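# Remarks on the overall topology
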Amino acid sequence: GNGEVVEWGYSYTDSGNPGGISKPAQLKNTVALESGEYHSLALLANSQVVGWGRNYSGEATSPDSVTSALKIAAGGWRSGAIQNNNQFTAWGELGQQVSSNVKDASIGGEHTILLKSDGTVSGLGSNSVGQITPPTFTSSVKTISAGGYHSLALLENGKVVAWGANGSGQANVPAGLVGVISISGGRDHSLAISNYTDTTAPVITLNGANPQEVYKG
């Protein structure tokens with residue numbers, strides 16, 4: 001294929017909003033996509049980053065210093081890219097910030113979570129509910145994900161750790177959740193894929209007013 005980007009749904013620029021950037025026509029050779037609140041990012045095969053949509057905070061305008069991106073991230077009114085020297089550059093709301101020795105990055109509503117090359121986890125941006133202050137981990141961190149105002153870490157032992165906002169139970173990891181291979185944080189909820197094998201029917205447990213659905217199999 002030619003890696004052409006197709007989009008649908010609400011368009012910030014097509015809706016007549018000022019201060020936006022339109023998606024380039026026939027945007028091709030794309031290898032990865034990320035989306036923020038009202039903007040989008042594309043990582044091209046030549047390691048360039050293209051942005052479009054809302055740009056009031058500069059979130060859709062990649063800095064000139066980003067020329068060799070390997071991975072991109074977007075969330076809220078913010079964007080970021082990890083380059084081939086493991087340097088992470090963030091731009092948009094809060095201005096431009098640079099961090100070195102970054103292995104993985106994820107952007108939430110108003111914060112960014114970084115997994116450093118030495119295995120430590122740090123953060124940038126708002127810490128209003130402790131979303132960039134991780135707890136002590138019992139195992140090495142494999143990957144991370146930033147939600148709206150909470151954060152997740154997948155450990156090498158297949159367990160998940162969450163911290164930050166918990167108004168909807170999004171930081172309450174279900175008891176017994178093991179064998180996790182992938183995680184994702186939404187605005188007020190969290191997701192995990194587990195390779196734990198069990199033929200029993202789906203189990204629903206109640207955690208206060210917040211149901212937790214665990215589908216096994």
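Above this note sits the structure.
All of these numbers come straight from a predicted model, not from anything done at the bench.

This paragraph deals with the environment of Gln170. If you trace the backbone, Gln170 turns up in the loop between strand 14 (160-164) and strand 15 (180-185). In sequence terms Gln170 and Thr133 are 37 residues apart; their C-alpha atoms lie 16 Å from each other. Leave out the neighbours within four places in its chain, and Gln170 touches His150, Leu152, Ala162, Ala165, Arg187, Asp188, His189 and Ser190.

With that out of the way, let us pick up the side chain of Gln131. On the secondary structure map, Gln131 appears in the loop between strand 11 (121-125) and strand 12 (141-146). Among the polar contacts made by the side chain of Gln131, one reaches the main-chain amide nitrogen of Val129 at a distance of 2.9 Å. Residue contacts for Gln131: discarding those within four places in its chain leaves His111, Ile113, Ser126, Tyr149, His150, Ser151, Trp163 and Gly164.

Where charged atoms from two side chains of opposite charge come close, those side chains can pair. All told, the structure shown has 3 salt bridges when counted by the stated rule. Residue Arg54 pairs with Glu59 through a salt bridge whose shortest N-O separation is 2.6 Å. The two residues Arg54 and Glu59 agree in class, both being buried.

The next point concerns the nonpolar core. Of all hydrophobic cores here, the largest spans 11 residues; its members are Ile113, Leu115, Val121, Ile132, Val141, Ile144, Ala146, Ala153, Leu155, Val161 and Trp163. Of all the secondary structure elements, the ones that give two or more residues to this core are strand 10 (111-116), strand 12, strand 13 (150-155) and strand 14. No other element matches strand 12, which puts 3 residues into this core. In this structure, Leu115 is in contact with Val102, Lys103, Asp104, Thr120, Val121, Val141, Lys142, Thr143 and Ile144, ignoring residues within four places of it in sequence. Leu41, Val49, Val66 and Ile72 belong to the second-largest nonpolar core, a separate cluster that totals 9 residues.

Attention now moves to the packing of aromatic side chains. In total, this model carries 4 aromatic pairs according to the counting rule given. Ring centres 6.0 Å apart and planes at 40° place the aromatic pair Tyr12 and Tyr38 in the tilted group. Separated by 26 residues along the polypeptide, Tyr12 in the segment before strand 1 (20-21) and Tyr38 in the loop between strand 2 (30-35) and strand 3 (39-44) bring together distant segments of the chain. Residue Tyr12 is classed as buried on the basis of its relative accessible area, which comes to 10%. An aromatic cluster is defined as three or more aromatic residues linked by ring pairs; in this entry it consists of Tyr10, Tyr12, Tyr38 and Tyr56. Positioned over the ring face of Trp77 is Arg54, at 3.8 Å from the centre of the ring.

Rules behind the numbers
- Residues numbered from 1 in each chain as written.
- Predicted model: local features only at pLDDT ≥ 70, side-chain atom pairs only at ≥ 80, totals over all residues.
- Heavy atoms only, no water.
- Helix = DSSP H or I, 4+ residues; strand = E, 2+ residues; numbered from the N terminus.
- Contact = heavy atoms within 4.5 Å.
- Polar contact = N/O pair within 3.5 Å; in protein donor to acceptor, adjacent residues only side chain to side chain.
- Salt bridge = Lys/Arg side-chain N within 4 Å of Asp/Glu carboxyl O.
- Buried < 20%, exposed > 50% of the residue type's maximum accessible area, 1.4 Å probe, protein only.
- Core = buried A, V, L, I, M, F, W, Y, C linked by side-chain atoms within 4.5 Å.
- Phe/Tyr/Trp six-rings, centres within 6.5 Å; stacked < 30°, edge-to-face > 60°.
- Lys NZ or Arg CZ within 6 Å of the ring centre and 35° of its normal.

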